[in-house]
Amino acid sequence: MPNVSDIPSPWTREVINFVTGHAPFPCFLKRFNLYRTNHCACGVVGDPLHFATDCPLIVSFYMTKPSDHLTEHWWKSCLSNKYSRSKIIQLVNFLTDKGVWFKLDTGIHSNFQAVTRTLRSISAPVTRHS
């Protein structure tokens, strides 16, 4: 049985919401019927890991995506790293403020995959050859 510590956690509300999956994430809102679907506007399940690692709508908050067998280690290292925690705080604050942008309107048919490919080709890094 794990030991419980009475030392206060240095985590902020945003980090706790990210870890628990609460707050502005579609998968959380769907659980309580506050939203029609658990998917992000890009069509993938809108959980915290998706928003932090591979949602094409918020590239500026990206973190390195873990392989499936290293996901638990990724969570531990993110939460112990001060820089990663600050990115998580910025991400949750951004989603809280701009959350409407990331909700999928099921009444509108859109070809988001084509838009994503176009955006990626436009924003592809330029490599210089000598």
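Please refer to the structure higher up on the page.
The notes below deal with the structure included here. The model shown is predicted, which means the values in this text are computed figures rather than measured ones.

About the thresholds
Residues numbered from 1 in each chain as written. Predicted model: local features only at pLDDT ≥ 70, side-chain atom pairs only at ≥ 80, totals over all residues. Heavy atoms only, no water. Salt bridge = Lys/Arg side-chain N within 4 Å of Asp/Glu carboxyl O. Helix = DSSP H or I, 4+ residues; strand = E, 2+ residues; numbered from the N terminus. Buried < 20%, exposed > 50% of the residue type's maximum accessible area, 1.4 Å probe, protein only. Core = buried A, V, L, I, M, F, W, Y, C linked by side-chain atoms within 4.5 Å. Contact = heavy atoms within 4.5 Å. Phe/Tyr/Trp six-rings, centres within 6.5 Å; stacked < 30°, edge-to-face > 60°.

### A word on the pattern of salt bridges
Then, in step 1: Evaluated as defined, the whole model comprises 3 salt bridges.
Then, in step 2: Ionic pairing is found between D54 and K65, a salt bridge with its closest N-O pair at 3.0 Å. Of the two residues, D54 is situated in the loop between α3 (48–53) and α4 (71–80) and K65 in the loop between α3 and α4; the sequence distance between them amounts to 11 residues.
Then, in step 3: Overall, the relative accessible area of 25% leaves D54 in the partly exposed class.
Then, in step 4: With a relative accessible area of 51%, K65 lands in the exposed category.

### Looking at the nonpolar core
Note that soluble globular proteins tend to have their nonpolar side chains buried in a common cluster.
Then, in step 1: Of all hydrophobic cores here, the largest spans 20 residues; its most connected members are F18, F25, F51, I58, W74, I88 and L91.
Then, in step 2: At 4 residues, the largest contribution of residues to this core is made by helix α5 (residues 82–98).
Then, in step 3: The contacts of W74, once residues within four sequence positions are left out, are F18, L49, A52, T53, M63, T64 and P66.

### Some remarks on the packing of aromatic side chains
Then, in step 1: For the structure on display, the rule yields 6 aromatic pairs.
Then, in step 2: Each ring, one from F18 and one from W75, has its centre 5.4 Å from the other, and the planes form 45°; the classification is tilted. Highlighted residues: F18 in helix α1 (residues 13–20) and W75 in helix α4, separated in sequence by 57 residues.
Then, in step 3: Residue class for F18 comes out buried when judged on its relative accessible area of 0%.
Then, in step 4: Look at W75 and you get partly exposed, because its relative accessible area is 22%.
Then, in step 5: Between F61 and F94, the ring centres sit 5.2 Å apart and the planes meet at 40°, which makes this aromatic pair tilted. Here the residue F61 occupies a position in the loop between α3 and α4, and F94 occupies one in helix α5, the gap between them amounting to 33 residues.
Then, in step 6: The rings of F18, F25, F51, W74 and W75 are connected pair by pair, giving a single aromatic cluster.

By themselves, these are just geometric observations and shouldn't be taken as functional.
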